[in-house]
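Chain by chain, the residues run as shown.
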Amino acid sequence: GVQTCALPIFIPVSPSILLRIPLIPAFILTFFVYYRYVKSIYDEKTGLISSFLLIFTYSFLEYNHLGRGYLFALMFGIVLLYALNQIKSGFRKRYQYAIITSLVLGTYTVPSFIYFLIPVLLFYLLFYYKKDSEKAWLLFKISFTAGILIFILYTPILLVSGNYNFMRDRKSTRLNSS
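Residues numbered from 1 in each chain as written. Predicted model: local features only at pLDDT ≥ 70, side-chain atom pairs only at ≥ 80, totals over all residues. Heavy atoms only, no water.

(A) Layout of a nonpolar patch on the surface. Together, Trp-137, Phe-140, Phe-144, Ile-148, Leu-149, Phe-151 and Ile-152 make up a nonpolar patch on the protein surface, roughly 740 Å² of accessible area in all. Looking at the secondary structure, you find Ile-148 in helix α9 (residues 133-167). Looking at Ile-148, the relative accessible area reads 40%, which means it is partly exposed. (Patch = residues over 30% accessible without salt bridge, like charges linked within 9 Å, V, L, I, M, F, W, Y side chains within 5 Å. Areas by Shrake-Rupley, 256 points an atom, 1.4 Å probe, with all protein chains shown as cover. Salt bridge = Lys/Arg side-chain N within 4 Å of Asp/Glu carboxyl O. Helix = DSSP H or I, 4+ residues; strand = E, 2+ residues; numbered from the N terminus. Buried < 20%, exposed > 50% of the residue type's maximum accessible area, 1.4 Å probe, protein only.)

Have a look at this one:
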């Protein structure tokens, strides 16, 4: 269930609705960035069609109404793909910041975002290494910077709950190896 706090005293709206309000701009931004991403690879018509198809995918339909971070992780993943695709024409500062921001906030929103970012970053590092080693080196430095920021943000969590509690599901039982 949704945990309540003192906020409903000041705002006469259900806490579950308050949790879902930030999903509206995330939905709009995801749609728009995905359209720009596909349009940059193909054309405008393909970008529009695929963006409307994205709305009807399972993850979009499922995560759009949940008051959790999954839609934000999807949004940060699409922003990451778009920014990585845009650096092929040159490393502009805004794409560098978009990569760092999407890596850090995506991982901090949902820790399993790391399962998405590792293969994507490895692919783009290898892709740029074969074409332009200078871009690959800059992408490595950007990724390393994001990794440091992620570590800094997760340090208080690790200090409070410890590594063991952080890495396991509290609802699952531990199997004995004896």
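(B) Main features of the side chain of Ser-102. Along the chain, the position of Ser-102 falls in helix α7 (residues 93-109). Here the side chain of Ser-102 touches Ala-98 through a polar contact of 2.8 Å, landing on its backbone oxygen. In terms of polar contacts, Ser-102 uses its side chain to reach the backbone carbonyl oxygen of Ile-99, at 3.0 Å. Setting aside its immediate chain neighbours within four residues, Ser-102 contacts Phe-76, Val-79, Leu-80, Thr-107 and Phe-113. (Polar contact = N/O pair within 3.5 Å; in protein donor to acceptor, adjacent residues only side chain to side chain. Contact = heavy atoms within 4.5 Å.)

(C) Quick look at the nonpolar core. Counting 42 residues, the largest nonpolar core has Leu-80, Leu-84, Ile-87, Ile-99, Leu-103, Tyr-124 and Leu-139 as its most contacted members. At the level of secondary structure, the elements contributing two or more residues to this core comprise α3 (23-41), α4 (44-55), α6 (70-86), α7, α8 (114-131) and α9. With 11 residues, α6 is the largest single contributor of residues to this core. (Core = buried A, V, L, I, M, F, W, Y, C linked by side-chain atoms within 4.5 Å.)

(D) Structural view of the environment of Leu-66. By the element assignment, Leu-66 lies in the loop between α5 (58-63) and α6. For the pair Leu-66 and Ser-16, spaced 50 residues apart in sequence, the C-alpha separation works out to 9.1 Å.

(E) Fine view of the packing of α3 against α6. Running from amino to carboxyl end, α3 crosses α6 at an angle of 25 degrees, the nearest separation of the two axes being 9 Å. Regarding the angle of α3 to α6, the classification is roughly parallel. Here α3 runs over α6; the crossing is left-handed. Seen from α3, the contacting residues are Leu-23, Ala-26, Phe-27, Leu-29, Thr-30, Val-33, Tyr-34, Arg-36, Tyr-37, Ser-40 and Ile-41; seen from α6, they are Leu-71, Phe-72, Met-75, Ile-78, Val-79, Leu-81, Tyr-82, Asn-85 and Gln-86. For the contact of α3 with α6, the per-class residue count stands at 15 nonpolar, four polar and one charged. (Axes fitted to C-alpha atoms, helices over the stretch in contact; angles between N-to-C directions. Parallel < 35°, antiparallel > 145°, perpendicular 65-115°, else oblique. Left-handed = near helix turned anticlockwise from the far one by under 90°. Nonpolar A, V, L, I, M, F, W, Y, C, P; charged D, E, K, R; others polar.)

Any link to function would need more than the numbers given here.
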